[in-house]
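A look at the structure
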Amino acid sequence: MATGEPNRDQMLAALAWQAELGATEAIAETPQDRFVESAPKPAAAAAAAPSKAPAIARGQEDPTRAMPDARPGRDQPVAAAQSTGSTTALAAQASTLDELAQTMRVWDGTPLRETARNFVFSDGVPGARLMVVGEAPGADEDRIGRPFVGRAGQLLDRMLAAIDIARSAPAPENAAYIANILPWRPPGNRTPTEAEAQMFLPFMTRHIELAKPDLIFAVGNTSVKALLATKTGIKRLRGTWTPHPDLGIPVLPSFHPAYLLRQPADKRLAWQDLLSLRAALNEGAPL
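Residues numbered from 1 in each chain as written. Predicted model: local features only at pLDDT ≥ 70, side-chain atom pairs only at ≥ 80, totals over all residues. Heavy atoms only, no water.

**Quick look at unusual backbone geometry**
The phi dihedral of Phe148 falls on the positive side, at around 55°, and the residue is not glycine. Inspection of the secondary structure puts Phe148 in the loop between α8 (139-144) and α9 (151-161). Phi is positive for Lys212, close to 55°, though the residue is something other than glycine. With respect to the secondary-structure elements, Lys212 resides in the loop between α10 (194-211) and β4 (215-219). With relative accessibility at 60%, the residue Lys212 sits in the exposed group. (Helix = DSSP H or I, 4+ residues; strand = E, 2+ residues; numbered from the N terminus. Buried < 20%, exposed > 50% of the residue type's maximum accessible area, 1.4 Å probe, protein only.)

Spelled out as structure tokens, the structure:
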């Protein structure tokens, strides 16, 4: 091998670094303008264009518009809801967690599904008394397809274990059910935008309805603001039990485990939240 040429380990390390940054395809030596590549050629566009567009009366469907690919059965209402852009109506059609997961998986109303590797719906025990709601999948979650499996997830498991809760516990009173506001990883592990959180909020509301938890442990700014319909930040809200505005289920806001990894001094505040959570599981939320 020539001097200065990267070896196999160096190339693998570089590839892993690009994957961590959110790269989803091989990078060429020269940049490519995908918009130019996908644009129709002038000659082809002129040939394809009709000489005169037919007049369409008000209320009449445009016969030249492509119809959605609706398959028989349950996919037909999904396609109809997609055309209206109503995630509320779409979520309401799901009567089980499996149906909701499938509906969210095929919904094409977000570009996040084009950049993510895996759909990340939930983990833990459905029907558990405690539901943990985070923000969005990270790189490890996107790779594996389960929420909270990276370093932040390992810290969450230790936090819950400190109050005798485990996502794999067979008994609902000792188990946790875990999900995120967004089921798709934002590129580069960026924080979800407010618009993205609001887009998926009807899905999460239906998710909570179907999971039927007694209590919700909301971790991170994105999940707290979305669930409680507030602009107030996590540092002011954490540790204060608040009813869900639509469902009435008690919600305890707290720091995201990823934040605690960066700011370990705030673990003492998170421990206070965990003690409050344990007391609420034992005695009921103090609302």
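What follows picks up the thread again.
**Description of the nonpolar core**
In this structure, Leu130, Leu227 and Leu277 are the most contacted members of the largest nonpolar core, which totals 67 residues. Looking at this core, the element that brings in the most residues is α10, giving eight residues. Look past the residues within four positions of Leu277 in its chain and what remains in contact with it is Leu130, Ile163, Leu215, Phe217, Trp241 and Leu252. (Core = buried A, V, L, I, M, F, W, Y, C linked by side-chain atoms within 4.5 Å. Contact = heavy atoms within 4.5 Å.)

**Things to note about the confidence of the model for the protein**
The share of residues in the protein with pLDDT of 70 or more is 71%, and the mean pLDDT across the chain is 82. This model gives residues 42-85 a pLDDT under 50, and the stretch forms 21 contacts once residues within four places in sequence are excluded. (pLDDT = per-residue confidence, 0-100.)

**Focus: the packing of aromatic side chains**
The final tally for this structure, using the stated rule, is six aromatic pairs. Where Trp107 meets Phe203, the ring centres are 5.4 Å apart and the plane angle is 65°; that geometry is what we call edge-to-face. Placement of Trp107 in the loop between α6 (97-106) and α7 (112-115) and of Phe203 in helix α10 is noted, with a sequence separation of 96 residues between them. Among the residues examined, Trp107 registers a relative accessible area of 5% and is labelled buried. Here the aromatic residues Trp107, Phe200 and Phe203 are joined through ring pairs into a cluster of three or more. (Phe/Tyr/Trp six-rings, centres within 6.5 Å; stacked < 30°, edge-to-face > 60°.)

**Things to note about the side chain of Arg167**
Along the chain, Arg167 turns up in the loop between α9 and β3 (176-180). A distance of 3.0 Å separates the side chain of Arg167 from the side chain of Asp157, its partner in a polar contact. Leave out the neighbours within four places in its chain, and Arg167 touches Asp123, Gly124, Val125, Arg146, Pro147, Phe148, Gly153, Asp157, Ala176 and Ile178. (Polar contact = N/O pair within 3.5 Å; in protein donor to acceptor, adjacent residues only side chain to side chain.)

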